[in-house]
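# Architecture and fold: a report
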Number of protein chains: 2
Amino acid sequence: MSWCKNVKGVLLDITGVLFESGASEPIKGSIEAIKRLKDSKIPVRFCTNETTKTRHKLLQKLHSIGFSMTEDDVFPPIPACCQILKSRGLRPHLLVNPDALSDFREINQENPNCVVLGDATDNFSYQNLNKAFQLLMSLEKPVLFALGGGKYYKEGSDLILDIGPFAKALEYACDVEAEIVGKPSKSFFGAVLQDLGQPAESVVMIGDDIVNDVGGAQSCGMRGVQVRTGKYRPSDENHPTVKADGYVDNLAQAIDLILQS
Amino acid sequence: MSWCKNVKGVLLDITGVLFESGASEPIKGSIEAIKRLKDSKIPVRFCTNETTKTRHKLLQKLHSIGFSMTEDDVFPPIPACCQILKSRGLRPHLLVNPDALSDFREINQENPNCVVLGDATDNFSYQNLNKAFQLLMSLEKPVLFALGGGKYYKEGSDLILDIGPFAKALEYACDVEAEIVGKPSKSFFGAVLQDLGQPAESVVMIGDDIVNDVGGAQSCGMRGVQVRTGKYRPSDENHPTVKADGYVDNLAQAIDLILQS
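A short tour of the structure in this document, coming up. Since this is a predicted model, take the numbers as computed values, not measurements.

## Some remarks on the sheet that holds strand S9 (residues 179-180) of chain B
Residues and elements named next belong to chain B. Strand order in the open sheet made by the 4 strands is S4-S5-S6-S9, with parallel pairing throughout. This sheet does not close on itself; its edge strands, each paired only once, are strand S4 (92-95) and S9. Note: strand S6 (residues 144-146) against S9, 2 bridges, orientation parallel. Residue pairing across strands places Phe 145 opposite Glu 179, the latter belonging to S9. Sheet strands touched by helix H3 (residues 77-87): S4, strand S5 (114-117) and S6. Its angle to S5, the strand with the most contacts, is close to 175 degrees. Sheet strands touched by helix H4 (residues 126-138): S4, S5 and S6. Its angle to S4, the strand with the most contacts, is close to 160 degrees.

Dropping the structure here:
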């Protein structure tokens, strides 16, 4: 197994890798695995498309189930999106989860000139999708941001629609291409790699999403490894376009293989 | 203007051509225009993607505002879809408008093995989209039908999302390609042309949708003409991929041009 050799940095997805979506316990062995990784001095960052809560609440949840990363270790899309909005003078119409709204509190939202889609869950109503659509159609140059391009995630035993499908709906309706902020966007991975301080070819991304985690990391020159937890499905190992550098049963096995190499 | 010469058959879209969506009056001159067309013995069929009501209710509405076509003249997608479902032994999970349900009453819907998307309007909720998604993901070979591929339509002064964007969302989420029943599908236009009894090159399709009406008809060898009523927008006349054979202010003008040629 060559994917685990000479690893000088690790990026980890959160939901489906550290804990199962909807569960309040860590996936077995994952807390100890991250401790072993930290003890080995291999730097690690957490790279998530989570937008159903603020970064602060996400961290609270991680701490409550036994993890000890700091806010600086965690890279969710909303802070990255706020930076882009500010730098381009854009005022968003937000179709996001109510629990994520406060992460946008410093952003001017009057007289909006773009749309930001987060994981709005129940707020992805016909009415709200029409509002976002109508705003985009009213703009001379419609600008649409999607906080991640995921197709679906797993909650309990159910697969649930992620942001990607709703972004595709608005892309088609408005003849516009969404700008993805979050995985698998190269600028998002690039910012995390820069913070990690290691070249892409020395870094392994470990996630449960064959396209956004594994394929996205590979497109940036990293190795991509899929865990058989979270939204993993056996058919992912025969995915038509993405072949992972490795498949492991869970995070603990991945870290063991890295540390043994 | 060559598009109006030697016309031996006419296909008409209904909403946005005969009346404005949401309005209870015909578009000025359209009733008389259809009478003149019928008097001239040029055959006409009505080709609609309307799936917010049964064919019976649609006809009631048309008659109530002064039109006199019969049920046999009107081609909506649901009867065509029911034929396909029966012939392929498919049992649909329906995500359609409640007002259209009774057109499916003869179709076995137990233990569904495909999904049919109609213009579900408010029923396009996060919950219902997830149900359709989960069913598709549970099938070894997911089959998705979309009763039309329109991007949007106009209701009062608002542009409203049509079925197409929701079909794109499920296509992306499930890695499946929707089978479109209705405009702009070739098999749908083909069935109407066969009923009309005229070769495609002698037939003009008149509609307000530059892609589904005009582009769809052109793909089948017909001429496609766009009316400047309904969901028409001036930018349609510079559409990146579809160039209509003609643009007219309304149906009455189109019919006058055809009959004068």
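## Observations regarding the relation of the copies chain A and chain B
Expressed as a screw transformation, the operator carrying chain A onto chain B has a rotation angle of 180 degrees and an axial translation of 0.0 Å, and the superposed copies differ by an RMSD of 0.0 Å. A rotation of that kind, with that shift, is consistent with a two-fold axis.

## Considerations on the packing of aromatic side chains
Using the criterion set out here, one finds 8 aromatic pairs over all chains in the structure. With a centroid separation of 3.8 Å and an interplanar angle of 5 degrees, the aromatic rings of A:Phe124 and A:Phe166 are classed as stacked. Note that A:Phe124 is positioned in the loop between strand S5 (114-117) and helix H4 (126-138) and A:Phe166 in helix H5 (residues 163-174), a separation of 42 residues in sequence. Of the two residues, A:Phe124 and A:Phe166, neither departs from the other in class, the shared state being buried. Note on A:Phe133 and B:Tyr152: the rings are 5.6 Å apart at their centroids and 40 degrees apart in plane angle, and the pair reads as tilted. Of this pair, A:Phe133 sits in helix H4 while B:Tyr152 sits in strand S7 (residues 152-155), on two different chains. Exposure class is identical for A:Phe133 and B:Tyr152. Each is buried. Members of the aromatic cluster, each reached through a chain of ring pairs, are A:Phe124, A:Phe166 and B:Tyr126.

About the criteria used
Residues numbered from 1 in each chain as written. Chains lettered and ligands numbered in written order. Predicted model: local features only at pLDDT ≥ 70, side-chain atom pairs only at ≥ 80, totals over all residues. Heavy atoms only, no water. Pairing = 2+ DSSP bridges. Helix = DSSP H or I, 4+ residues; strand = E, 2+ residues; numbered from the N terminus. Contact = heavy atoms within 4.5 Å. Axes fitted to C-alpha atoms, helices over the stretch in contact; angles between N-to-C directions. Least-squares fit on C-alpha atoms with pLDDT ≥ 70 in both. Phe/Tyr/Trp six-rings, centres within 6.5 Å; stacked < 30°, edge-to-face > 60°. Buried < 20%, exposed > 50% of the residue type's maximum accessible area, 1.4 Å probe, protein only.

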